[in-house]
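Reading the structure
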Amino acid sequence: MPVITASIDPVTRIEGHLKVDVKVDTVNGVQQVVDVHAIGTLFRGFEKILEHRDPRDAPIVTSRICGVCPTSHAMAAVLSLDQACGVAAPEPARLMRNLVHGACYLESHILHFYLLSLPDYIKGPSMAPWLPGWDPGLRLDRAAEGGFLGHYLAAIEVRRKAHEMGAIYGGKLPHTPAFIAGGITAVSSADDKSQFGAYLDELIAFIEGSYIPDVERLASLYPEYFSIGRGYGHLLSFGAYELNNAGTSKLFAPGRVVSGTPEVQAMNASAISEHIVHSWYHPSTNDVHPAVGDTIPQYPKLEAYSWLKSPRYAGLPYECGPLARMAVNGDYSHGVSVMDRHRARAWEARKLALAMKDWLSQLAVDVSAYTPAAIPTTGAGMGLTEAPRGALGHWLSIASQKIAHYQVITPTCWNISPRDSAHQMGPLEKALMGTPVANADQPIEVLRVIHSVDPCLDCATHVMRAEPTKNRREEI
Ligand code: NFE
């Protein structure tokens, strides 16, 4: 049988613009994916927008990278600013930052399962957004399907409540304006705490009563997806949610799982570099650390096929996200697959929500949550955190009290990256290899693998200005 080429363009039910080209052939009697290219088709990003601005703009501007993980970008930006300014946020700020960031995670995980992934498995009503759609090959009876659909609708309401909860200390969501160098603008009242706690209890009830049982039910209906979509099996976490003011203890610890080795290994950010041999960027920026990397587009370019760069850790492609965090922390050891990703994400939601209850109870009321922070004439900072989709890093340097250089590496760059200088596939590309495809006209199995890593291309692509200018502020 001839090789079939299928192009999923655009991949829907994700953030941003992604195209996935697959080749399908019959190997050992099974029709399956034999080649993959994951293509970030949108050219945007924020690094160049930030140059020459006041460093205090960084959390505000970078949170506009995305509407799904804006708080994570604000968090990475203020962590890099704290470091550059040489300040430590006081305890109430640490707790409120964690609570707002946690609200963002809970909203994002619930969104991902119900609104972005579930339609790959259940047939909704004959109306938008369910149509047009591929046939999921129904395995549920009507009652079970009705249960999922009821929770799909409930999830829309629950997401709104997660945003309202985060806005109590974030001021508004998405795109909180409250995260500042040295702390957070909020001062918690006793009323704020009780309101936040009421929302959190509702979310915990939904996670424990609907989200986790629904994931387990889906997993029992589609058990073969525990052996589909594995990929390399290398897992990376930068760590997030400081448990002390020194930042030495985190709810999600940093670390790495290297496939085939039992011990969790240390994560050292100096081992990170970005490759651009297969990306539309200038060769001078290949295989460099983000603290000195740059965003110089070059299009067209031989061998390039994506606007995403390829971050690598010591030259290896790593998957990041909830499964990586849970594995690094010893909270999940079942495996690496489509269903393991869904399950780890749901379990992580519960772990985080319960930790948020603790942080809320520790939060002092009516006290300032800010340490005065002065922008240095020159300086540098690195903000490493975890966004809902995985490891997020911001690298900042300051000259003449302005941003001289800024680089962002997002989780989706790790997960959806194209091939690197050594022509190693990105983690999603690798995970798609060997995926069985029943009907190459409607490769829904491919879509299930893609959605399991929860791509966000808005976060992952980069932008330029046509003409470099000395002072961006004077331009606008
Ligand atoms: Ni646009 Fe994001 C998350 C970040 S993914 S959603 O989570 O950072 O690259």
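Keep in mind that this is a model prediction, so the values were computed, not measured.

**Let's talk about the side chain of Thr295**
Turning to its location among the elements, Thr295 is positioned in the loop between β11 (272-275) and β12 (310-313). Relative accessible area serves as the criterion here: at 2%, Thr295 is assigned to the buried category. Side-chain polar atoms of Thr295 contact the side chain of Gln407, separated by 3.0 Å.

**Some points on the nonpolar core**
Ranked by internal contacts, the top residues of the largest apolar core, which has 135 residues, are Leu106, Tyr169, Tyr211 and Trp414. Top contributing element to this core by residue count: helix α4 (residues 91-117), with 14 residues. Discounting chain neighbours no more than four positions away, the residues touching Trp414 are Leu236, Phe238, Ile272, Pro311, Arg312, Tyr313, Tyr318, Cys320, Ala391, Ile409 and Pro427.

**Thoughts on the packing of α4 against helix α8 (residues 338-362)**
Direction vectors running N to C along α4 and α8 enclose 155°, while the axes themselves pass 9 Å from each other. Judged by the inter-axis angle, α4 sits roughly antiparallel to α8. For the pair α4 and α8, the crossing hand works out as left-handed. Its residues placed into classes, the contact of α4 with α8 shows 12 nonpolar, seven polar and four charged.

**Focus on the sheet that holds strand β3 (residues 30-40)**
Strand order in the open sheet formed by three strands is β1-β2-β3, with antiparallel pairing between adjacent strands. Each end of this open sheet is capped by a strand with a single partner; those strands are β1 (4-8) and β3. For this sheet, the mean angle separating the axes of adjacent strands, direction not counted, is 20°. Relative to strand β2 (residues 18-27), β1 runs antiparallel, the two sharing five bridges. By the bridge assignment for β2, Ser7 is matched with Asp21.

**Some points on the confidence of the model for the chain**
Overall, the predicted model of the chain reaches an average pLDDT of 93, with 96% of residues at or above 70. Segment residues 463-476 is flagged for pLDDT under 50; beyond a separation of four residues in sequence, or across chains, it makes 27 contacts in the model.

**Considering the site of the ligand**
Every residue near the ligand is listed here: Cys66, Cys69, His73, Ala387, Pro388, Arg389, Leu392, Thr410, Pro411, Thr412, Cys456 and Cys459. His73 places a side-chain nitrogen or oxygen 3.2 Å from an oxygen atom of the ligand. Thr410 has a polar side-chain atom sitting 3.4 Å from an oxygen atom of the ligand. For the shell around the ligand, the class distribution of residues is eight nonpolar, three polar and one charged.

**Focus: the sheet that holds strand β10 (residues 264-265)**
Strands sit in the order β10-β9-β6-β13 across an open sheet of four strands; the sheet is mixed. Strands with a single pairing partner mark the edges of an open sheet, and in this sheet they are β10 and β13 (319-320). Sheet topology note: the strand β9 (residues 255-257)/β10 ladder contains two bridges and is antiparallel. Its bridge partner being in β10, Arg256 is matched across the sheet by Gln265.

**Let's talk about the pattern of salt bridges**
Counted according to the given criterion, the structure contains 26 salt bridges. As a salt-bridge pair, Lys48 and Glu51 come within 3.2 Å of each other at their nearest N and O atoms. Assigned by exposure class, Lys48 and Glu51 land together as buried. Linking Arg97 and Asp82 is a salt bridge whose minimum nitrogen-to-oxygen distance equals 2.9 Å.

Conventions we followed
- Residues numbered from 1 in each chain as written.
- Predicted model: local features only at pLDDT ≥ 70, side-chain atom pairs only at ≥ 80, totals over all residues.
- Heavy atoms only, no water.
- Helix = DSSP H or I, 4+ residues; strand = E, 2+ residues; numbered from the N terminus.
- Buried < 20%, exposed > 50% of the residue type's maximum accessible area, 1.4 Å probe, protein only.
- Polar contact = N/O pair within 3.5 Å; in protein donor to acceptor, adjacent residues only side chain to side chain.
- Core = buried A, V, L, I, M, F, W, Y, C linked by side-chain atoms within 4.5 Å.
- Contact = heavy atoms within 4.5 Å.
- Axes fitted to C-alpha atoms, helices over the stretch in contact; angles between N-to-C directions.
- Parallel < 35°, antiparallel > 145°, perpendicular 65-115°, else oblique.
- Left-handed = near helix turned anticlockwise from the far one by under 90°.
- Nonpolar A, V, L, I, M, F, W, Y, C, P; charged D, E, K, R; others polar.
- Pairing = 2+ DSSP bridges.
- pLDDT = per-residue confidence, 0-100.
- Near = heavy atom within 4 Å.
- Salt bridge = Lys/Arg side-chain N within 4 Å of Asp/Glu carboxyl O.

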